[in-house]
Amino acid sequence: MKNRLVNIGIIGLGTVGSGVARVLLEQGELLKARTTLTFRLKTISELDWIKERNLDLTGVICTSKVEDVLEDPEINIVVETIGGYEPAFSFISRALRNRKHVVTANKALIATRGKELFRIAQENGVDLMFEASVGGGIPIIKSLREGLIANRIESMFGILNGTCNYILTKMHQEGLEFAEALKGAQEKGFAEANPTLDISGGDTAHKLTILASLASNSLVPFDKIYVEGITAISRQDIDFAKSFGFTIKLLAIYRAVKGGLDLRVHPTLVSNSHLLSAVSNELNAIFVQGDFVGSTMFYGPGAGERPTASAIVGDIVDLSRDLMLQEGEKYCNRSISLVEHSDLVPIGEVANRFYLRFLTVDRPGVLSLISGVLAEHGISIASMVQLETQEKDSCIPIVLLTHEASEKAMADALEKIMRFDFVKDDHIRLRIF
Ligand code: HSE
């Protein structure tokens, strides 16, 4: 590598791409002092050059032709920050085939088409890095691959979507309604272009797929993960949970259990005595338990220009260190294992404590019939609340917290309970952590 110079090309100058450009332009001296390498932002390819970005790009080649990045033999590292499936997939694979390292924050692509991309990277002797795809600025991928490498990962519980966490926090702390809180997240720029991906749990599942693949040294199939989003959570559930000493969070769950891997994304009542309950607003956190290290927690900003750029440039520096080595002397293997994981525990076999809320007519025998069905399925009630009403035959919410029960038993019991004519459609079943 001549002059210890690393040439970088960026594809896409949106929020994240601009952040990467800013770090490379503003922190060049710092990076050089720490690495003895010169990082040169050589070329940016972008279709919209009208937009104001408050960046001084003097000396940088600004183009609308992606070939100027992908086909330039001088460029060593390509940063893909356009997001989405296509043309991101084509651009990344073309860069890898041209033997350029690639850095991306594209969690959807890594989670669903990672296998193809890592294979192309391996075939061409280059790396595809993706630290910014999970947890924004939190170096969780590097921690799993390096700092915690000596551990078998027993479990991980993650708050991985800033938009959902922001919505749930605003509902919990300020009593906002769901739609109002979502609007706030969109205005602040955390939400995906299509926020359905956030609130449906899909974005969290993409991120869990990536963490689970690293933690299990296998390729976890994204489409086999059980996913529930937060759209059914109402203010009253937040308030009931609060009264029982819980905060509702959208959790990504990884547990290495006897039958294989238990992987799930769903809203969860987290005890207020657990650190994760205090992770507020758009912040992310991952609670990781390893067999030697014990419990650790990684916490920080999970989205936004500067944190995401911080993670991407961390990857650029890592790759650049490899560029200084001779062929075949790579520091470590940075791909995800390409062997698919076959032992995902079906959701029905998982056991949890549950939170149940029913809306029922207030008349004699309602509670005993509901608790009778739960008992028939071996489900034991731990506590309950019924809101009082003065009006005869009016509807009231009943909330039950259960002891641990299997998902299958709960699904069967719920099906029976919902057949009672006094139980209205408006009900919810959440898990307790
Ligand atoms: N929409 C994502 C979030 C952005 O809200 O966390 C970061 O991946």
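## Description of the packing of aromatic side chains
Within a pair of aromatic rings, the relevant descriptors are the distance that separates the centres and the angle that separates the planes.
Right, on to step 1. Throughout the structure, instances matching the rule amount to 4 aromatic pairs.
Right, on to step 2. On the numbers, 5.6 Å between centres and 65° between planes, the contact of Phe118 with Phe130 is edge-to-face. Linking Phe118 in helix α5 (residues 107-123) with Phe130 in the loop between β6 (128-129) and α6 (140-147), this pair joins segments that are 12 residues apart in sequence.
Right, on to step 3. Look at Phe118 and you get buried, because its relative accessible area is 1%.
Right, on to step 4. Relative to Phe422, the ring of Phe420 has its centre 4.9 Å away and its plane inclined at 15°; by these criteria the two rings are stacked.
Right, on to step 5. One cation-aromatic arrangement involves Arg53 over Trp49; the distance from NZ or CZ to the ring centre is 5.8 Å.
Right, on to step 6. A cation over a ring is seen here: Arg113 above Phe89, with NZ or CZ 3.6 Å from the ring centre.

## Section: the packing of helix α4 (residues 88-97) against α5
The relative placement of two packed helices comes down to the angle between their axes together with the axis-to-axis distance.
Right, on to step 1. Their axes nearest at 10 Å, the elements α4 and α5 cross at an angle of 20°. The orientation of α4 with respect to α5, classified from their angle, is roughly parallel. Helix-helix and strand crossings are classified by hand; for α4 and α5 the assignment is right-handed. Note on element contacts: α5 touches α4 through Leu109, Arg113, Glu116, Leu117, Ile120 and Ala121, opposite Ala88, Phe89, Ile92, Ser93, Leu96 and Arg97.
Right, on to step 2. In the contact of α4 with α5, the residues fall into 8 nonpolar, 1 polar and 3 charged.

## Some remarks on the domain arrangement of the protein chain
Right, on to step 1. Looking at the assigned domains, one finds that the protein chain contains domain 1 (5-132 + 305-323), domain 2 (140-301) and domain 3 (347-432).
Right, on to step 2. Computed from C-alpha coordinates alone, the two centres of domain 1 and domain 3 are separated by 52 Å.

## Comments concerning the side chain of His266
Right, on to step 1. Within the fold, His266 resides in strand β10 (residues 260-271).
Right, on to step 2. Judged by its relative accessible area of 1%, His266 falls in the buried class.
Right, on to step 3. Look past the residues within four positions of His266 in its chain and what remains in contact with it is Tyr226, Glu228, Lys249, Leu250, Leu251, Ile253 and Arg431.

## Overview of unusual backbone geometry
For residues besides glycine, phi is generally negative; the peptide bonds are generally trans as well.
Right, on to step 1. Following Glu86, the chain continues into Pro87 via a peptide bond in cis, with omega recorded as 10°.
Right, on to step 2. Secondary-structure assignment places Pro87 in the loop between β4 (77-80) and α4.
Right, on to step 3. In this model, Asn217 sits at a positive phi of 50°, which is unusual for a non-glycine residue.
Right, on to step 4. Within the fold, Asn217 resides in the loop between α10 (202-216) and β8 (226-227).

## So, the sheet that holds strand β5 (residues 101-104)
Right, on to step 1. The strand order β3-β2-β1-β4-β5-β6 describes an open sheet built from 6 strands, whose pairing is parallel. Each having just a single partner strand, β3 (61-63) and β6 make up the two edges of the open sheet.
Right, on to step 2. In the sheet, strand β2 (residues 38-45) pairs with β3 via 3 bridges, with the strands oriented parallel. Bridge pairing in β3 links Thr43 to Ile61.

## A short note on the pairing of β4
Right, on to step 1. Where burial is concerned, the two faces of β4 agree: the one with Ile77 and Val79 and the one with Val78 and Glu80 are both buried.
Right, on to step 2. Bridge analysis of strand β1 (residues 5-11) against β4 gives 4 bridges, and the strand direction is parallel. Within β4, the position partnered with Gly9 by the bridge is Val78.
Right, on to step 3. Of the pairings in the sheet, the one linking β4 to β5 comprises 4 bridges and is parallel in character. Across the sheet, residue Glu80 finds its bridge partner in β5, namely Thr104.
Right, on to step 4. Each parallel crossover has a hand, and the one from β4 via α4 to β5 is right-handed.

## Considerations on the environment of Val270
Right, on to step 1. Tracing the chain through its elements places Val270 in strand β10.
Right, on to step 2. The spacing of Val270 and Lys249 is 21 residues in sequence and 6.7 Å in space, taken between C-alpha atoms.
Right, on to step 3. In contact with Val270, other than residues within four places in its own chain, are Gly245, Phe246, Thr247, Lys249, Leu251, Leu276, Ser277 and Phe433.

## Considerations on the site of the ligand
Right, on to step 1. Lining the immediate surroundings of the ligand are 13 residues, of which Lys107, Gly162, Thr163, Glu192 and Asp198 lie closest.
Right, on to step 2. Within the side chain of Glu192, an N or O atom sits 2.6 Å from a nitrogen atom of the ligand.
Right, on to step 3. At 2.7 Å, a side-chain N or O of Lys207 approaches an oxygen atom of the ligand.
Right, on to step 4. Its free accessible area being 260 Å², the ligand has 91% of it covered by the protein chains.
Right, on to step 5. The site holding the ligand turns out to be the largest pocket.
Right, on to step 6. Secondary structure elements with two or more residues in the shell around the ligand: α7 (162-174) and α10.
Right, on to step 7. When its residues are assigned to classes, the shell around the ligand shows 4 nonpolar, 4 polar and 5 charged.

## A look at the pattern of salt bridges
Right, on to step 1. Counted by the stated rule, this structure contains 29 salt bridges.
Right, on to step 2. Linking Asp262 and Arg264 is a salt bridge whose minimum nitrogen-to-oxygen distance equals 2.7 Å. Here Asp262 matches Arg264 in class, with each residue buried.
Right, on to step 3. Note that Asp426 and Arg357 form a salt bridge whose closest N and O atoms lie 3.2 Å from each other. Of the two residues, Asp426 is situated in the loop between α14 (407-417) and β17 (428-432) and Arg357 in strand β13 (residues 351-361); the sequence distance between them amounts to 69 residues.
Right, on to step 4. Overlapping salt bridges, with partners in common, bring together Arg40, Lys42, Asp72 and Glu74 in one network.

## Examining the pairing of strand β12 (residues 294-301)
Right, on to step 1. In this sheet, β12 lies alongside strand β11 (residues 283-290) in antiparallel orientation, the contact comprising 8 bridges. Within β12, the position partnered with Ala285 by the bridge is Tyr299.
Right, on to step 2. Where β11 folds back on β12, the antiparallel hairpin that results is connected by 3 residues.

About the thresholds
- Residues numbered from 1 in each chain as written.
- Predicted model: local features only at pLDDT ≥ 70, side-chain atom pairs only at ≥ 80, totals over all residues.
- Heavy atoms only, no water.
- Phe/Tyr/Trp six-rings, centres within 6.5 Å; stacked < 30°, edge-to-face > 60°.
- Helix = DSSP H or I, 4+ residues; strand = E, 2+ residues; numbered from the N terminus.
- Buried < 20%, exposed > 50% of the residue type's maximum accessible area, 1.4 Å probe, protein only.
- Lys NZ or Arg CZ within 6 Å of the ring centre and 35° of its normal.
- Axes fitted to C-alpha atoms, helices over the stretch in contact; angles between N-to-C directions.
- Parallel < 35°, antiparallel > 145°, perpendicular 65-115°, else oblique.
- Left-handed = near helix turned anticlockwise from the far one by under 90°.
- Contact = heavy atoms within 4.5 Å.
- Nonpolar A, V, L, I, M, F, W, Y, C, P; charged D, E, K, R; others polar.
- Domains from an automatic or database assignment.
- Pairing = 2+ DSSP bridges.
- Right-handed = clockwise from strand over helix to strand, strands pointing away.
- Near = heavy atom within 4 Å.
- Polar contact = N/O pair within 3.5 Å; in protein donor to acceptor, adjacent residues only side chain to side chain.
- Areas by Shrake-Rupley, 256 points an atom, 1.4 Å probe, with all protein chains shown as cover.
- 1 Å grid on protein atoms, 1.4 Å probe; cavity = no way out; pocket = protein on both sides within 12 Å on 5 of 7 lines; lining within 4 Å.
- Sits in = over half its atoms within 2 Å of the grid points.
- Salt bridge = Lys/Arg side-chain N within 4 Å of Asp/Glu carboxyl O.

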